[in-house]
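Structural characterization, general
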Amino acid sequence: MVKYSNEMIILGTVTGIESYGIFVSFEDEYSGLIHISEISDKFVKNIGDFVELNEVIRVRILDIDSKNHHLKLSIKNFDYRVSKKNEKKIQETSLGFLTLKKNLEKWIAQKKEELSEKTSDLK
């Protein structure tokens, strides 16, 4: 029975990050390496910008060494992220700075009044 094949995309867990690549393990006895050249078509300065330890990612199998249970892997040119938990969700509004412009003077007046009350209580 052949479990893995070239070009197959499977889930793995990042177990190590080195300057030359990313180590990935799988639920069975297999493990693999994503060489730095298989991370992106662009220059990769810091591999840690792409993955985190213990992160579950999708990987593409490039080559299989069945004897040693080792896979040569890639995350280049496809969405390898399983979840986008680390991305901040920013919701833009059509109002832009309008809310700030409308309320700034009122907020300043309220703060001045609060401070004025506090200083008169101290006297």
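That block above? That's the structure.
In this report, the structure presented in the accompanying data block is examined. What you are looking at is a predicted structure, and each value in this text was computed from that prediction instead of being measured.

So, on to the overall build of the protein chain. Across its full length, the protein chain carries one helix and five strands. Listing every helix and strand of the protein chain by position from the N terminus yields β-β-β-β-β-α. Within the span of the protein chain, comprising 123 residues, buried residues form 28% of the whole. Within the protein chain, contacts between residues at least 6 apart in sequence are counted, and of these 59% link residues at least 24 apart. As displayed, the protein chain has an accessible area near 9700 Å², and 52% of this comes from carbon and sulfur atoms.

Further remarks concern the pattern of salt bridges. Inspection of the entire model under this criterion finds five salt bridges. The closest approach of N and O atoms between Lys76 and Asp41, which form a salt bridge, is 3.6 Å. Here the residue Lys76 occupies a position in the loop between β5 (70–74) and α1 (98–122), and Asp41 occupies one in the loop between β3 (31–35) and β4 (56–65), the gap between them amounting to 35 residues. You can call Lys76 buried: its relative accessible area is 17%.

Here we have five strands rolled up into a closed barrel, ordered β1-β2-β3-β5-β4, and mixed in their pairing. Taking each pair of neighbouring strands and ignoring which way they run, the sheet shows an average axis angle of 50°. Where β3 and β5 come together, four bridges link them in parallel fashion. Bridge pairing links Leu33 to Lys72 in β5.

Okay, the pairing of β3 next. Pairing of strand β2 (residues 21–25) with β3 involves five bridges; the strand directions are antiparallel. Counted as the bridge partner of Phe23 is Leu33 from β3. What sits between the antiparallel neighbours β2 and β3 is a turn of five residues.

Okay, the nonpolar core next. Counting residues in hydrophobic clusters, the biggest one holds 21 residues, and the most contacted among them are Ile22, Phe26, Ile34 and Ile57. Listing elements by their share of this core, those giving two or more residues are β1 (9–18), β2, β4 and β5. Here this core takes three residues from β4, the largest share from any one element.

Cut-off values and rules
Residues numbered from 1 in each chain as written. Predicted model: local features only at pLDDT ≥ 70, side-chain atom pairs only at ≥ 80, totals over all residues. Heavy atoms only, no water. Helix = DSSP H or I, 4+ residues; strand = E, 2+ residues; numbered from the N terminus. Buried < 20%, exposed > 50% of the residue type's maximum accessible area, 1.4 Å probe, protein only. Contact = heavy atoms within 4.5 Å. Areas by Shrake-Rupley, 256 points an atom, 1.4 Å probe, with all protein chains shown as cover. Salt bridge = Lys/Arg side-chain N within 4 Å of Asp/Glu carboxyl O. Pairing = 2+ DSSP bridges. Axes fitted to C-alpha atoms, helices over the stretch in contact; angles between N-to-C directions. Core = buried A, V, L, I, M, F, W, Y, C linked by side-chain atoms within 4.5 Å.

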